[in-house]
Amino acid sequence: MADTTHFYIDGSWVAPVTPATAEVINPATEQPAGKIGLGSAADVDRAVAAARRAFPAFSATSREERLALFTRIVESFKARRADMAKAVTAEMGAPAWLAWEIQTASSIIYFEDAAAVLRDFEFDTLKGNTLLTHEAIGVCGLITPWNWPLNQIVTKLAPALAAGCTVVLKPSELSPLSAHILAEVLHDAGVPKGVFNLVNGTGPVVGEAIAAHPDIDMVSFTGSTRAGVQVAKAAADTVKRVHQELGGKSANIILADADLDLAVTDGVNRCFINSGQSCIAPTRMLVPRALLPEIVERARAIAETVVVGDPTLGETGMGPVAGIAQFTKVQGMIETGIAEGATLVAGGPGRPDGIESGYFVRPTIFADVDPDMTIARQEIFGPVLSILAYDDEEEAIRIANDSVYGLAGYVYSRDEEHARRTAARIRAGRIFINNPPFDFNAPFGGYKQSGNGRELGDHGMREFLEVKAVLGYAR
C-alpha cells in the first residue's frame, strides 16, 4: 500500500500541506492498524483545483470510454479484493467473512451496476421542439462513514464517474485504509489524473471545507443526522446540491399471520449484522401482544447463538463496534434502557464473557419497550434490539411512523397482499417484505430526517446530473 500519510491528488500521492498524522485503531485489539495524514482546507483546495481542471475533459468523454474505464476498474478491484477485505477487518472490525462476502463483494456489484445504468441511460430526450439533456453536475465532494467504508464510497463514486463528474473524497478517519487501496485500484485502472482525489481528515476540518467550497458543485454525505445538518449548513452559502443519507430507526412489523421462524430469525440477524452498525437495521421489532412471549423467547435463543470475538476467525459472527466513542455510546444506551424500565432479554452492559479488551458489545435484546423510551426513539448504532408490542395493526403503523427517521421498514406476513398493504403505509424510503432477495439497483434513501435524494440505479445516477432544456432544438 502507498504511504497512507499521503493524499491522492491529481494522479499522485502527495504529503499534506501542513504535516499532521493520526493513528487508525483496530477496534478488536485497541492497537494501531495504521497511520494517516490529517488534511486541512489547503489540501482540499489542491484537490478541488485538480478536480476542476479535469472536469471539462472527463465530462466530455463518450459513453463507450467511460464503460471501458469501468471494466478496467472492476478488473483492478478484483485483483486487490483480498487486500481490501483485510483492511476493512483491521480498520473497523468487520468479521473476515463479512468483509469478503458483503463489504467488498457489494462494491464490485455497485461498480458493475453503475456501468449497466450508464450503458442504457438516455442522456438526451426530445419533447416536441425542446431537447432535454442531462449533463454532469461538476466537481463532487464525497464524505463517507466508517460502518460500510468501501460500500458507501462506491455507491457515490460509481454513479458520479458514470455521469462524468470528478470527485474529492473524504473517507472516515476511523476507517480510511481500504479507501487508500481503492485509490490505488483506480490509479491502476487508468482513471485520468484529477478525476478522483482523496484527502483524509476530520469532519469539522476537511468535511466542512469540502461542504463549503465554492468550486464544489455537489456534496454527497452519509453519516449521522446531526452531522448531516452541519454539512447542509456549510453548503448553504454556495447553494450547491446536497445529497444526504442519514440516520434510521427502522421498524420491523411482524404481523399476526407471519412465519415466525423466518420473521424473528431474520429480524434479529439483520439487527445484529455488522455489529448493529447499519443505518437500515430493523432495530424496532413490532409484534402482536398475544405473540410477545413466544417471540421474545425465540429472539433470546437466536441472540445466544451469536459468536462474538476475533473478527479474523472464521467462526466469528460478530466483531467489535468501530471505536471507543461508539462503544461508550452503545454501553450508555443499554444502561438507559435498563434505567427506563425495559426488560433485558439478552446481553446487557459490558463486554461478552471471556473478552477483556477490544470494543466488543454483547448482542442485546430488550422487551416491554415503550414507544417513548430512549432506546425506541434514538439511533443506537450497535447490536441492540427493542421489541415493542401492539394491540392491532393500526397501532403498529402509528408506532412505526412515529419517528423522526424514515430510512427503511420491514414487514412479515404469510399473506403477500396483507404485507403489501402494510408496506404501503410505512413512511420510509425502502421496505423489505419477507426477507426478499437483495436488489442492488433499488433506490436507497430516506424520508424525513433520514436524508434526501437517492443512491443506486437510475435514481443514483440522476443525483449527479443537471437537466438542461434547449428550446427550439427541433423545428
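Since the structure is predicted, the reported quantities are computational estimates derived from the model, not experimental observations.

Trainee: Summarise the packing of aromatic side chains; cite the residues concerned and give the values.
Mentor: Taken as a whole and assessed by the stated rule, the structure comprises 10 aromatic pairs. On the basis of an interplanar angle of 65° and a centroid distance of 6.2 Å, the ring pair of F77 and F111 is categorised as edge-to-face. One end of the pair, F77, is in helix α2 (residues 63-79); the other, F111, is in helix α4 (residues 96-120), with 34 residues separating them in the sequence. Assigned by exposure class, F77 and F111 land together as buried. Between W146 and F381, the ring centres sit 5.5 Å apart and the planes meet at 85°, which makes this aromatic pair edge-to-face.

Trainee: Could you give me a rundown of the pattern of salt bridges, with the residues and numbers involved?
Mentor: One pass over the structure, following the stated rule, counts 21 salt bridges. For D217, the salt bridge goes to R52, with nearest N and O atoms at 2.8 Å. Pair noted here: D217 is in the loop between α7 (203-212) and β10 (218-222) and R52 is in helix α1 (residues 41-59), with a separation of 165 residues, a long-range link. Taking relative accessible area as the criterion, D217 reaches 26% and is therefore assigned partly exposed.

Trainee: How would you sum up the packing of α7 against helix α8 (residues 225-236)? Please name residues and give values.
Mentor: In contact at an axis separation of 7 Å, α7 and α8 are set at 45° when each is read in the N-to-C sense. In terms of axis orientation, α7 runs oblique to α8. Read as a crossing pair, α7 and α8 show a hand that is right-handed. Contacts between α7 and α8 involve E208, A211 and A212 from the former and V231, A234 and A235 from the latter. Of the residues contributing to the contact of α7 with α8, the split by class is five nonpolar, no polar and one charged.

Trainee: Give a description of the side chain of E245 that names residues and reports values.
Mentor: Inspection of the secondary structure puts E245 in strand β11 (residues 241-245). Put simply, E245 is tucked away with no salt bridge, and the nearest opposite charge, on K156, sits 6.3 Å away. If we skip the residues at most four places from it in the chain, E245 touches Q152, F221, T222, G223, C279, L407, F444 and S450.

Trainee: Any details on the sheet that holds strand β22 (residues 465-470)? Residues and values, ideally.
Mentor: Overall, antiparallel pairing links the three strands, which are arranged β5-β6-β22 in an open sheet. Looking at strand neighbours, the two that pair on one side only are β5 (124-127) and β22, the edges of this open sheet. Pairwise comparison of adjacent strand axes, ignoring direction, gives a mean angle of 20° for this sheet. Here strand β6 (residues 130-136) pairs with β22 via six bridges, running antiparallel. Counterpart to A136 in the pairing with β22 is L465.

Trainee: Please give an account of the side chain of N200 that cites residues and values.
Mentor: The topology assignment puts N200 in the loop between β9 (196-198) and α7. A relative accessible area of 0% places N200 in the buried class. Here the side chain of N200 touches H180 through a polar contact of 2.6 Å, side chain to side chain. In this structure, N200 is in contact with T4, F7, I36, G37, L38, G39, P171, P176, H180 and V206, ignoring residues within four places of it in sequence.

Trainee: Quick rundown of the sheet that holds strand β19 (residues 430-433)? Include the residues and the values.
Mentor: Read from one edge of the open sheet, seven strands run β14-β15-β16-β13-β12-β18-β19, paired in mixed fashion. Looking along the sheet, the strands with just one partner apiece sit at the ends: β14 (343-346) and β19. Going across the sheet, the axis of each strand differs from the next one's by a mean of 25°, ignoring polarity. Sheet topology note: the strand β12 (residues 251-254)/strand β13 (residues 284-288) ladder contains three bridges and is parallel. Counterpart to A251 in the pairing with β13 is R284. Across the face of the sheet, helix α9 (residues 260-272) comes into contact with β12, β13, β15 (364-367), β16 (384-390), β18 (408-412) and β19 while running at roughly 160° to β18.

Trainee: Explain the packing of helix α3 (residues 81-92) against helix α6 (residues 177-188) residue by residue, including any values.
Mentor: Contact geometry for α3 and α6: axes closest at 8 Å, N-to-C directions at 160°. Compared by their axis directions, α3 and α6 come out roughly antiparallel. Once α3 is placed against α6, the crossing between them reads as left-handed. Contacts between α3 and α6 involve D83, M84, A87, V88 and E91 on the former and, on the latter, L177, S178, I181, L182 and V185. Here the contact of α3 with α6 is composed, by residue class, of seven nonpolar, one polar and two charged.

Rules used in this analysis
Residues numbered from 1 in each chain as written. Predicted model: local features only at pLDDT ≥ 70, side-chain atom pairs only at ≥ 80, totals over all residues. Heavy atoms only, no water. Phe/Tyr/Trp six-rings, centres within 6.5 Å; stacked < 30°, edge-to-face > 60°. Helix = DSSP H or I, 4+ residues; strand = E, 2+ residues; numbered from the N terminus. Buried < 20%, exposed > 50% of the residue type's maximum accessible area, 1.4 Å probe, protein only. Salt bridge = Lys/Arg side-chain N within 4 Å of Asp/Glu carboxyl O. Axes fitted to C-alpha atoms, helices over the stretch in contact; angles between N-to-C directions. Parallel < 35°, antiparallel > 145°, perpendicular 65-115°, else oblique. Left-handed = near helix turned anticlockwise from the far one by under 90°. Contact = heavy atoms within 4.5 Å. Nonpolar A, V, L, I, M, F, W, Y, C, P; charged D, E, K, R; others polar. Lys, Arg positive; Asp, Glu negative; His and termini not counted. Pairing = 2+ DSSP bridges. Polar contact = N/O pair within 3.5 Å; in protein donor to acceptor, adjacent residues only side chain to side chain.

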